[in-house]
Amino acid sequence: MSESGTQVIKQNPLLYVTETLNDLRVKGLAPKLRVLDGEQKPVCVFDGCEVINLASNNYLGLTSDKRLRKASVEAVRKLGVGAGAVRTIAGTMKLHMELEEQIAKFKNVEACVVFQSGFTANAGTVSAVLGKEDLIISDELNHASIIDGARLSKAMIKVFKHKDVTDCERILQEHAAFPGKKLIITDGVFSMDGDIAPLPELCRLAEDYGCIMMVDDAHASGVLGRGGRGTVDHHQCHGRVHIQVGTLSKAIGSMGGYVCGSRDLIEFLYLRARPFLFSTSHPPATAAACQAAFRLLDSPDGEKLVEKLWANTKFFKRELKKRGFQFKTSETPIVPIHVGDGAKAYEFSRKLFDAGVFAPAVAYPTVAEGKARLRAIVSAAHKREHLLKAADILAEVAKPLGIV
Ligand SMILES: *Cc1c(COP(=O)(O)O)cnc(C)c1O
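Thresholds, definitions, all that
- Residues numbered from 1 in each chain as written.
- Predicted model: local features only at pLDDT ≥ 70, side-chain atom pairs only at ≥ 80, totals over all residues.
- Heavy atoms only, no water.
- Helix = DSSP H or I, 4+ residues; strand = E, 2+ residues; numbered from the N terminus.
- Rg over C-alpha atoms; globule rule 2.2 N^0.38 Å.
- Buried < 20%, exposed > 50% of the residue type's maximum accessible area, 1.4 Å probe, protein only.
- Contact = heavy atoms within 4.5 Å.
- Areas by Shrake-Rupley, 256 points an atom, 1.4 Å probe, with all protein chains shown as cover.
- Lys, Arg positive; Asp, Glu negative; His and termini not counted.
- Charge placed at Lys NZ, Arg CZ, Asp CG, Glu CD.
- Expected span 1.5 Å × (residues − 1).
- Phe/Tyr/Trp six-rings, centres within 6.5 Å; stacked < 30°, edge-to-face > 60°.
- Lys NZ or Arg CZ within 6 Å of the ring centre and 35° of its normal.
- Near = heavy atom within 4 Å.
- Polar contact = N/O pair within 3.5 Å; in protein donor to acceptor, adjacent residues only side chain to side chain.
- Salt bridge = Lys/Arg side-chain N within 4 Å of Asp/Glu carboxyl O.

1. Observations concerning the overall build of the protein chain
A tally of helices and strands in the protein chain yields 14 helices and 14 strands. The C-alpha radius of gyration of the protein chain comes to 23 Å, within 12% of the 22 Å expected for a compact globule of 404 residues. Summarising its shape, the C-alpha atoms of the protein chain cover approximately 75 × 55 × 55 Å along the three principal directions. Looking at the protein chain as a whole, 54% of its 404 residues are labelled buried. Residue pairs at least 24 apart in sequence account for 70% of intrachain contacts in the protein chain once pairs closer than 6 positions are excluded. Within the structure as shown, the protein chain displays about 19300 Å² of accessible surface, and the carbon and sulfur contribution to it stands at 54%. Of the side-chain charges in the protein chain, 53 are positive and 46 negative, and the distance between the mean point of each set is 3 Å.

Structure (structure tokens):
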């Protein structure tokens, strides 16, 4: 009884969270976080077990590269550990500007703006460039950060079937008289299937129907194109894509995202992209590591790393095929192994881990219900022996589960 005499029912208002969680646990759909002890490397220790690591986006092995490490440490010594403000107040340091110039040059565009992450780059850019009177035409498998950016913009969103240029054109025809701005947006490489967007065809549609063309190259930067210059370079679509997004958190080995385009687009984003305006910029160590990564990519050593990544990818896929695995859609180092049922995919991943290979299961809501899979990612840092052993273990574990 409370002081006023009324019955107080102490019910936790967050009870539904516990209930939902318990439900997911019972169904085997609540995997635990794996904890890495040490550096992100091709063979490393997660949860106290040494495993072959096929789980990271560290395509070129740069997370522990000595050149990036050195640049970071020097930046800390010289410039401290934080930027101290958002970019638009006092948090623009010389090395932020240098990094943007370096990326613009690397991508052969006028200008670049760096964000705190690829996620904020997408969300901040789409919502700054489009408004509620506009139309966004988006591939159904686009990344969550694109979807969130589109929702934040309040524009009308129309989704076309995955990589289906005809379906995209159908939407454009149906909205031929649409009065607002139109944006076609696609991942360059799709993160869960490892396939590549039909960029030349989408660029043609953008040109025919007067649309802005935007591509998110998170899994393509440092991977596709000459020296890892991305899908625009891979497809020879130079000058046809107005907005190119990339990440600094995957192949580049550190953290961040960027947008490349015309000088005016970038200056506009400086004024309107909300994560740029309202969230503090990178600490010097991060910006310096990224600078070192682009210096490397721009050199023969960098080109060799990208070549090694592709050689390893071909080798690993060939070895998996020999063991009966199929992955029709993948055209990149992302190797999805189809399982179907979510709980079974988690079981597959757990058993693999126990056998010495770490590759995560991906299930709903990251992919559609019934399309759960295991996702293995190859890097330039893997040795052939790691990949051979991983292929053997994958086959051994997959067989009794009926996956292969
Ligand atoms: C990983 C990813 C992002 C987000 O990049 P972060 O730098 O990790 O925030 C954006 N888009 C796609 C397609 C991605 O795969």
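This is not the end of the story, as more comes after the structure.
2. Some remarks on helix α4 (residues 118–129)
A rise of 1.5 Å per residue sets the reference length of α4, with its 12 residues, at 16 Å; its end C-alpha atoms lie 16 Å apart and thus fit the reference within 8%. Judged by how many residues are buried, α4 sits mostly within the fold: 9 of 12 residues are covered. Buried residues of α4: Gly 118, Ala 121, Asn 122, Ala 123, Gly 124, Thr 125, Val 126, Ala 128 and Val 129, and no others.

3. Structural notes on the packing of aromatic side chains
Pairs of aromatic rings are described using the distance from one ring centre to the other and the angle between the two planes. This structure, assessed with the given rule, holds 6 aromatic pairs. With centroids separated by 4.7 Å and ring planes inclined at 70 degrees, the aromatic side chains of Phe 46 and Phe 358 adopt a geometry described as edge-to-face. Of the two residues, Phe 46 sits in strand β2 (residues 43–46) while Phe 358 sits in strand β12 (residues 357–358), which places them 312 residues apart along the sequence. Phe 46 sits in the buried class, given a relative accessible area of 6%. Judged by relative accessible area, which is 10%, Phe 358 ranks as buried. Ring plane angle 90 degrees and centroid distance 5.7 Å describe the contact between Phe 353 and Phe 358, whose orientation is recorded as edge-to-face. We note that Phe 353, like Phe 358, is buried. Through pairs of rings, three or more aromatic residues link up here, namely Phe 46, Phe 353 and Phe 358. Above the plane of the ring of Phe 353 lies Arg 34, whose end atom (NZ or CZ) is 3.6 Å from the centre.

4. Here we look at the site of the ligand
The environment of the ligand is made up of 15 residues, and the closest members are Gly 118, Asp 216, Thr 247, Ser 249 and Lys 250. Residue Gly 118 places a main-chain N or O atom 2.7 Å away from an oxygen atom belonging to the ligand. Side-chain polar atom of His 219 to an oxygen atom of the ligand: 3.1 Å apart, as the coordinates give it.

5. Observations concerning the pattern of salt bridges
Tallying each qualifying case throughout the model produces 21 salt bridges. The closest approach of N and O atoms between Glu 74 and Lys 70, which form a salt bridge, is 3.7 Å. One end of the pair, Glu 74, and the other, Lys 70, are both in helix α2 (residues 66–79), 4 residues apart, so they sit about a helical turn from each other. Given the relative accessible area of 55%, Lys 70 is considered exposed. Arg 87 is paired through a salt bridge with Glu 100; the nearest N and O atoms lie 3.0 Å apart. One end of the pair, Arg 87, is in the loop between α2 and α3 (94–107); the other, Glu 100, is in helix α3, with 13 residues separating them in the sequence. No difference in accessibility class separates Arg 87 from Glu 100, as the two residues are buried. Here the salt bridges share partners, and the residues they tie into one network are Glu 319, Lys 322, Arg 323 and Asp 392.

From the geometry alone we can't say anything about function, so treat these as descriptive.
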